[in-house]
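A structural walkthrough
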Number of protein chains: 4
Amino acid sequence: MNKIMRRWELPKFGRENLRLVEVPVPTPDAHEVLVCVSAVSLNYRDKLIIQNGMGLTPDMPFTPGSDMAGTVVATGAGCHRFAVGDAVLGAFSADWLDGAAPGTGRDLMPALGGPPLPGMLSEYVVLPEAWLVHAPSSLDAVQASTLPCAAVTAWQALIELGHLRAGQSVVVQGTGGVSLFAVQFAAAHGATVIVTSGDDDKLVRVKAIGASHGINRHSTPEWAQAVVALTGGRGADHILEMVGGDNLERSLDALIHQGRISVIGVFGGMGATLPVGTMLKKRATVQGIGVGPRRVLEDVIRAIDRTGIKPVIAAQHPFSDLQTGLDELDRGPFGKVVIRGVEHSEDNKLRMNSENE
Amino acid sequence: MNKIMRRWELPKFGRENLRLVEVPVPTPDAHEVLVCVSAVSLNYRDKLIIQNGMGLTPDMPFTPGSDMAGTVVATGAGCHRFAVGDAVLGAFSADWLDGAAPGTGRDLMPALGGPPLPGMLSEYVVLPEAWLVHAPSSLDAVQASTLPCAAVTAWQALIELGHLRAGQSVVVQGTGGVSLFAVQFAAAHGATVIVTSGDDDKLVRVKAIGASHGINRHSTPEWAQAVVALTGGRGADHILEMVGGDNLERSLDALIHQGRISVIGVFGGMGATLPVGTMLKKRATVQGIGVGPRRVLEDVIRAIDRTGIKPVIAAQHPFSDLQTGLDELDRGPFGKVVIRGVEHSEDNKLRMNSENE
Amino acid sequence: MNKIMRRWELPKFGRENLRLVEVPVPTPDAHEVLVCVSAVSLNYRDKLIIQNGMGLTPDMPFTPGSDMAGTVVATGAGCHRFAVGDAVLGAFSADWLDGAAPGTGRDLMPALGGPPLPGMLSEYVVLPEAWLVHAPSSLDAVQASTLPCAAVTAWQALIELGHLRAGQSVVVQGTGGVSLFAVQFAAAHGATVIVTSGDDDKLVRVKAIGASHGINRHSTPEWAQAVVALTGGRGADHILEMVGGDNLERSLDALIHQGRISVIGVFGGMGATLPVGTMLKKRATVQGIGVGPRRVLEDVIRAIDRTGIKPVIAAQHPFSDLQTGLDELDRGPFGKVVIRGVEHSEDNKLRMNSENE
Amino acid sequence: MNKIMRRWELPKFGRENLRLVEVPVPTPDAHEVLVCVSAVSLNYRDKLIIQNGMGLTPDMPFTPGSDMAGTVVATGAGCHRFAVGDAVLGAFSADWLDGAAPGTGRDLMPALGGPPLPGMLSEYVVLPEAWLVHAPSSLDAVQASTLPCAAVTAWQALIELGHLRAGQSVVVQGTGGVSLFAVQFAAAHGATVIVTSGDDDKLVRVKAIGASHGINRHSTPEWAQAVVALTGGRGADHILEMVGGDNLERSLDALIHQGRISVIGVFGGMGATLPVGTMLKKRATVQGIGVGPRRVLEDVIRAIDRTGIKPVIAAQHPFSDLQTGLDELDRGPFGKVVIRGVEHSEDNKLRMNSENE
C-alpha cells in the first residue's frame, strides 16, 4: 500500500514538541478496522498528556488525541460489527465494554490517546472493532466527535449512576465540556439545572441550552445557600463537583439529604477537604467519575438521536491547526474545540482512490 | 396511678451533673405504649450528648440514652402494633420508618436520647408505638438493647446500601460497637473480613467472631498495602472508615476499583482529606452512614434470629451504675456496655402489681 | 358545630344504590385535618368497588372515591405538616409512606375509597395528616385530583422501578388514565413512546401529548413486530401491559433483551399466559404494579411543577352529577373524569362562615 | 503436530448417534488458548441439544457439552489472561462478559456446547482466552466443572439480581443442579432455605447442605401455605420457580409482598399461567433467568473459595462413558454428573511430551 497520511506526533513531552509527520496508512489485522478520521475533539486531558504524560511513560514518539469520529474504510478478517462506509466513534476507555471496570484502578485506565493506546490525531487509525461504536445519525462528525469523553462522563454521573429523574435538581459547576453535556442531559430528563460560573455571559448561554438558573460564584460566593433557596429549602439532588479544594464543603452544604456528589476533574494531584460531620448528617454519597464503558456511549448516542441534543461547538479547525485549538482550550471555551481530519468530499475520495492505485 | 420510677436526668450539660431522680410512671396517650425498660446499651454518642449536646439545645433537665430493650406494660387507645407483654426495642431514628430519610440533613436527625426526643435511661418510658419494633427471639434484653444504633449502622453500610455478597472482602477499622457488628454481619454473608486495630489482643478476639485477618496499625502503618496483598492484589470491596483525617487516603489505597467506603463516626467536627486523583482513578464511592430506618432494624433482627449471631457484651451494670458504664466507654471496650433497667423477675412483677393496687 | 355537608353513600353494593346525603361536617382529632374537597377524580377501580367491593366487605353505608384534591380548613392538635389554607392531595395508599409496602399483599392494600378507609366523594373529609401531601403549584384542583392513583402508578412503573432514561423506548397499551400519564412522563424523560390502541382518533391525540408512534391494534394485530421495527430491531425497553390474557405473549415478543414489563390493571380475576421459553430467552422482568407510596406522589408533583405537564381532563361535573361521570368511565374517555366538590368562591366562604354561626 | 485426541461427535440429532472419534489436537490462533479438558459436567440442556438441537441447526457433526474444567497447555499470540499450566473453566455464555446481555434475546444466546459455539466433550479444545476464567483453588476439576451453568444460574437469580441477604427466606423448587447450588449459596448468605421436592430422601439430603426446611409436594400439595407458615406469615422473599404450568400460581401465593420469583428452566416450549390479580396485590417481580455473564462466574468462584462450598457430585465417569452419564441425568440425580477428560497424571504428562517430540 502506498497511501500516505498525516499524523501528529510527540517525540518528547511538551506542547512545543508536537510535529505533523507523514507516514504510511496502516493496514487492519484480524478483528481490526481502518478508520478515516473525520474529527477529533480536544479534551483538557489531552493537554495534560501532551505536557507531562500524567504519569504515563509512553514509547516515543506517541500520538495524542482520544475523541474521534470517522468512517470505516477497510476491515480486517473476522469483523462483524462494522462494514466499510459505517460512520463510527471511538470508545474512550477502549477495553471497558460494560459492567465492572477492568484493572485495579491504581493506575490510570488505558484510554485512546493515553499511552499505550493509540492516539486519534491521525488522518487514519487502525483499531480493534470492539473499540468502536456506530455514530449517531443526527450529528455531523464534528459534533459526534465530542461524545466519547465529555458526554459519557456527564451521562455516567447523572444518568447511569445517578438515576436522575424529572423534578430533581442538579447543580453543575462551571461550563466546561462535561458541564455543558450535564446541563443538556439533565434538562432532557426534566430536571431543574442550576449552573455556577464566574462568568455572567456564560450563565446567559447555559440557559439557552437548558439551565434553569445561573449563579455567579464571584458575586454570590455563598452559592450553596443560593442553591438551597432555589430548591425551596431542599438542596440539590445531584451536584457535579469540578473544583476540589474547599469547594467540596460548599457542595455538601448545597446538597439534599441523602444526595449525591459526582467528583469529576482532571486526573491530577488535587486534594479536597471532606467535612465528615456534614457528610454524616447529610448521609451524602460522593463518587469519583472516570468516563464510562462503551455501552454508556451507545446509550448516549441513542438519547441524542432521540432528543435532538446538539453538542456545543466552540470552534473547529483544520488538521494542521492543532496548536490553535490547544490555545483555545486554555482560554476556557464555551463548548468543545474540534480538529477536523480528512474531509469526505468527492475530491478526497478521488485522492484516496488515486493513492490506492 | 401512684407508681414511682427512677430516671437519669441532666439538669445541665456535663457528666458530673447526671442525677438519678424518682418520678411518677407516665401514662400512654392514643397510639402510645408504656414500656418497662430492661436494658439500655450505651453509645459513644450518648457521652457526647451528655457532655455538650452535640449542638442540640434541649429543655433541661433531659434524659439521655438511645438504645433500649424492654417490655410493653400498657397500651394507649388505637394501638395495633403491640400488646401488653410484647418484648420490644426502640428504633433509633424514631420517625425514619423506611425509604428517604426525613428532614433536610442540615441538622442532626432526631433520635431517641437526642433531644427533643425522650431518652431511654428511665425505668419506664412512653413512646409512640411507631417508634418500636418486636425484639429478636434469640437474644436476651441486654444483648438486644445493642442493636438499634450500632447494628443498624453496620447493616445499613454493608448490607442495605453496600449489597455485600459472599466472596467479597471487607475492611473494618477498629473494634468499636459498629465495627464488631460489621465483622459479624460480613462473616454471616460469606465475606472475607480484615480488621485493623492498634491492639493485638483485640485482633485475636475479632477472629473468634468471624474476622479472617487482623492488621495491627502500629506494626503495619502501611496497612493499605497489606489489604491489597491479602485480597490477591484486588483491594477491598467495602471499607468502613472510622478514623478520618488522612486515614481516608489510605482507605482509598486499600480499595478495589469501583469499591465503596462507608464513612461512620461521631457527629463531631472532624475533617478528612480526600485525594481526588485517587478517587477518580478508583472510581470510588464514599458515603456517609447515619444509622438507618426502622425497617432496617427489623431486617437486622430477622437476620440475627436466623444466623444466631450474638452481640458482644463487654459489661453490664445495674441501673444505678451509669457512671461506671460511661467510664468503660472511655477505655475502648471490646463489645457493648449495657445498663440494666427494671429486672423482670417474679419479685419485680409482684412489686409492680402491688404498686398497681 | 352545625355545619352540614353533602356526601355520596352506598348502603349496599350496586351503582343504582348511590345516594347523596346530608350529614354534619366532621371534626378533626389529634394529628388529623379537615379538608374541604375541591375535586375527586374517578378511577375504574371506583366503579368496581361500587359494584361489588372487589372482595372487600365494608360497613354499610360507605363512601367511595379515592383521588382527592382539596384545601385544609381546620387542623387537630399536634399537626405539623399542614396549616389551614394549604392545598392538599390525598395519598392513595394511605399508610404506605415510603420503602417496603405494608401488609402481606395477600389482600388488597387499604386505600382511600377502598373500605375500611374513608371515601373522598364528600364535600368535607377528615384525614390523618400523614395521608396528605401538598398539592402541585402548577395545577388547578381538578387537574391535581387526577394524580394520586393514575399518575403515581405510571411513575412507579416507569421511573421509580423502571429507571427510565432518555433514548429508551416505551410501549404504552391503550389510552386509559395510567397510560396517558405514562406517555407524558416517558416523553418528559426523553424516551420514544409507542402507543397501541384500537382507536385511530386516540392515536392522533396521544401524539399531541408526547407519543412518538401509534399502532392500531386492529389494523396491526402483529403489533409486536411493529414495535421491533420501530425500535430498529431492538425491541422496547419498557412495556406497560394493561390487557392480560394472551397479550402478554405479544408483549414479550416486543420486548428488548433484559427488558421490563409492568403489569397494571384492575384488581380482578384476570389471568395471563406466560410463555416461559420466551421469558427465559429474553431474560425478561415482569412486575406487578400496585400504585405506590406517598413519597412517589411527592416526586410526581415535583416533576409536574418542573415540566409543566398537564393531566388530560376528559370531563368535569358538579358534585351531584356523579352518575354522569360514572357513565363516561364506561365509554373509555380520553383523559380523566373529575367530580367537583365544594367551590372555593367567596360566596362559598360566606356560606361556610354563616353556617359556622 | 501429530497429537491425536478423542472427541464426542454427533453427525445428526439423537442420542443414539453419539460417536467417539479420534482427531488431531487443534492449534490456537492469536488470542486463543489450547485447553486440556479435565472434566465436563453434564446439564439437562445438553441432553436436549443432543436430542433435537433446541431449535438450533448446527453444521454436522457437532460436539456437545458446555461445562468444562481444564488446564491451559498452549497459548496463541497476544494472550495475556492465561499462561500454560493455568487451571481454567469455560464461561457458559462465551461473549457475555458483563453488563447487558448481547443479542436481541429472540434466539437462544450462543453458549459453549450450543452450536455454533464449540462443545466441550473433547479431550482438548481451542477457545478464545476471553471465554475462560481462572478455576477455583479450593475445588478439583470434577467439582469445578459444575460451576459455569448451574452455579452461575443460581447466583445470578439470588445474589446478582436478587440481592439476597441474611434473614431472608428462599424457596427452592426441586433438587436439580441449579437448585442445589441455590441452597448452598442462600445458606452461605444467612438465608432460611425451604426446599420443595417429591422425594423425602432428597429432602433429608438438602438439609445436609444447608436447607432449613423441606416440604414434600406430594404429601403437602398446598405447599404455598406451608411456606407462609414457616416464614411466620410473611411469605418467601425469593422463589426459584422450576416447574411452570399452574405451579407459578402457587409460587405467587407463597411469596412475600413485593417479593421476587426467578423463573428457571429448560429452554423449551413451556407455558405458565400468571394470575394477574395476585401478581398486582403482591406487587410481585417475576424474572426469567438465563445463566449469566463471565463476571458472575468469577464472583461465584471467589465465593466458593471463601466459603468452602463443595458442589454436590452425584457421579463421575471416564470420558468414554458419556452414555452412562446421560442415563443418569434421566433418573434425576442428586448432584451433578461429570464426565472426566484427560487425566493429569504424570503418565499423561509424559505421553503429552512424547507426542510433542
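Everything quoted here is computed from the prediction, not taken from an experiment. Position numbers for residues count from 1 along each chain, tracking the sequence in the order it is written. Working convention: letters from A go to chains and numbers from 1 go to ligands, in the order in which they are written. Predicted model: local features are reported for residues with pLDDT of at least 70 only, side-chain atom pairs are reported and counted for 80 or more only, and whole-chain, interface and lining totals are derived from all residues. To obtain the side-chain values, all non-hydrogen atoms of the structure were included, while hydrogens and water were left out.

**A word on the relation of the copies chain A and chain C**
Applied cut-off: The least-squares superposition of copies is restricted to C-alpha atoms, and to residues with a pLDDT of at least 70 in both copies. Contacts are assigned to residue pairs that have any heavy atoms within 4.5 Å of one another.
Mapping chain A onto chain C calls for a rotation angle of 180° and an axial translation of 0.0 Å; the resulting RMSD is 0.0 Å. Those values place the two copies in the arrangement expected of a two-fold rotation axis. Residues of chain A ranked by C-alpha distance from the rotation axis are headed by H189(A), positioned 2.1 Å from it. Both copies present the same face, since 100% of the interface residues in chain A are matched by interface residues at the equivalent positions in chain C.

**Overview of the sheet that holds strand β12 (residues 255–263) of chain C**
In a beta sheet, neighbouring strands are held together by backbone hydrogen bonds and run either parallel or antiparallel to one another. Using the following cut-off: Each pair of strands is called paired provided DSSP finds at least two bridges between the two strands. Put simply, DSSP H or I for four residues or longer makes a helix, DSSP E for two residues or longer makes a strand, and each gets a number counted from the N terminus. Each axis is a line fitted through C-alpha atoms, and for a helix only the stretch in contact is used; angles between axes span 0 to 180 degrees, taken between their N-to-C directions.
Pairing within the open sheet is mixed, and its twelve strands lie in the order β10(C)-β9(C)-β8(C)-β11(C)-β12(C)-β14(C)-β14(D)-β12(D)-β11(D)-β8(D)-β9(D)-β10(D). Each of the sheet's edge strands pairs with one partner strand only, and the pair in question is β10 (213–216) of chain C together with β10 (213–216) of chain D. Strand-to-strand twist in this sheet, taken as the mean axis angle between neighbours without regard to direction, amounts to 15°. Alignment of strand β12 (residues 255–263) of chain D against strand β14 (residues 285–288) of chain D, held across four bridges, turns out to be parallel. Each bridged residue has a counterpart across the sheet, and for V263(D) the counterpart in β14(D) is G288(D).

**Some words on the interface of chain D and chain C**
This is how it is decided: The term buried area denotes the loss of accessible surface (1.4 Å probe radius) that occurs when two parts are joined, taken as the sum for both partners. Salt bridges are counted wherever a side-chain nitrogen of Lys or Arg sits within 4 Å of a carboxyl oxygen of Asp or Glu. Three classes are used, and their members are as follows: Ala, Val, Leu, Ile, Met, Phe, Trp, Tyr, Cys and Pro are nonpolar, Asp, Glu, Lys and Arg are charged, and the others, Gly among them, are polar.
The interface of chain D with chain C comprises 45 residues on the first partner and 45 residues on the second. Of all residues in chain D, R106(D), L280(D) and R283(D) give up the largest surface area on contact with chain C, accounting jointly for 20% of the area buried on that side. Applying the counting rule to chain D against chain C returns zero salt bridges. Only β12, β13 (271–275), α8 (276–282) and β14 of chain D provide two or more residues apiece to the side of chain D that touches chain C. Its residues placed into classes, the side of chain D that touches chain C shows 23 nonpolar, 16 polar and six charged. Judged from the three bridges that link them, strand β14 (residues 285–288) of chain C and β14(D) form a sheet pairing that is antiparallel. What sits directly across from Q287(C), in β14(D), is T285(D).

**Describing the interface of chain A and chain C**
Put simply, the test is: Any pair of N or O atoms that falls within 3.5 Å is considered a polar contact. Within protein, one atom must be able to donate a hydrogen and the other to accept it, and sequence-neighbouring residues count only if both atoms are side-chain atoms.
If you look at the interface, chain A gives 20 residues, while chain C gives 20 residues. Surface buried jointly by chain A and chain C totals about 1,700 Å² across both partners, of which 47% is contributed by carbon and sulfur atoms. The interface formed by chain A and chain C contains two salt bridges. The partner of E160(A) in a salt bridge is R165(C), and the shortest N-O contact between them spans 2.7 Å. Taken together, the links from chain A to chain C amount to ten residue pairs in polar contact (both at pLDDT 80 or more). Put simply, the parts of the chain that give the side of chain A that touches chain C at least two residues each are α3 (147–160) and α9 (294–307) of chain A. Per-element tally for the side of chain A that touches chain C: the top contributor is α9(A), with six residues. In terms of residue class, the side of chain A that touches chain C is made up of six nonpolar, seven polar and seven charged.

**Let's talk about the sheet that holds strand β10 (residues 213–216) of chain A**
What the twelve strands build is an open sheet, ordered β10(A)-β9(A)-β8(A)-β11(A)-β12(A)-β14(A)-β14(B)-β12(B)-β11(B)-β8(B)-β9(B)-β10(B); its pairing is mixed. The open sheet terminates on both sides in strands that have one partner only, identified here as β10 of chain A together with β10 (213–216) of chain B. The mean angle between the axes of side-by-side strands here comes to 15°, regardless of whether they run parallel or antiparallel. With five bridges joining them, strand β11 (residues 236–241) of chain B and strand β12 (residues 255–263) of chain B adopt parallel strand pairing.

**Thoughts on the environment of N43(C)**
All names here are of chain C. Short version of the rule: Per-residue accessibility, obtained with a 1.4 Å probe over protein chains only, is compared with the maximum for each type, and a residue is labelled buried under 20%, exposed over 50%, and partly exposed between these values.
Note on placement: N43 falls in the loop between β3 (32–41) and α1 (44–52). Assessed through its relative accessible area of 5%, N43 is described here as buried. The spatial distance from the C-alpha of N43 to the C-alpha of C149 is 7.9 Å, given a sequence separation of 106 residues. Non-local contacts of N43, meaning those with residues more than four positions away in its chain, are made with S66, D67, C149, L329 and K336. In this structure the side chain of N43 is engaged in a polar contact, spanning 2.7 Å, whose partner is the side chain of K336.

**Regarding the pattern of salt bridges**
Following the criterion strictly, the structure yields 48 salt bridges over all chains and no others. For D330(A), the salt bridge goes to K47(A), with nearest N and O atoms at 2.7 Å. On the criterion of sequence distance, the pair formed by D330(A) in helix α10 (residues 322–330) and K47(A) in helix α1 (residues 44–52) is long-range, its members being 283 residues apart. Between D246(A) and R250(A) there is a salt bridge, with the nearest N and O atoms lying 3.8 Å from each other. The structure contains a network of salt bridges with shared partners spanning D98(A), E160(A), R295(A), D299(A), R302(A) and R165(C).

**Some details on the domain arrangement of chain A**
Residue and element names in this part refer to chain A. We count it as follows: For each domain, the first and last residues come from an automatic or database assignment.
What the domain assignment lists for chain A is domain 1 (4–148 + 312–356) and domain 2 (162–288). Here the C-alpha centroids of domain 1 and domain 2 sit 31 Å apart. Residue-level contacts link 13 residues of domain 1 with eleven residues of domain 2. Contact with domain 2 buries area across many residues of domain 1, yet M54, V312 and F334 alone supply 54% of it, more than any other trio. The interface formed by domain 1 and domain 2 contains zero salt bridges. Across the domain 1-domain 2 interface, the total number found is one residue pair in polar contact (both at pLDDT 80 or more).

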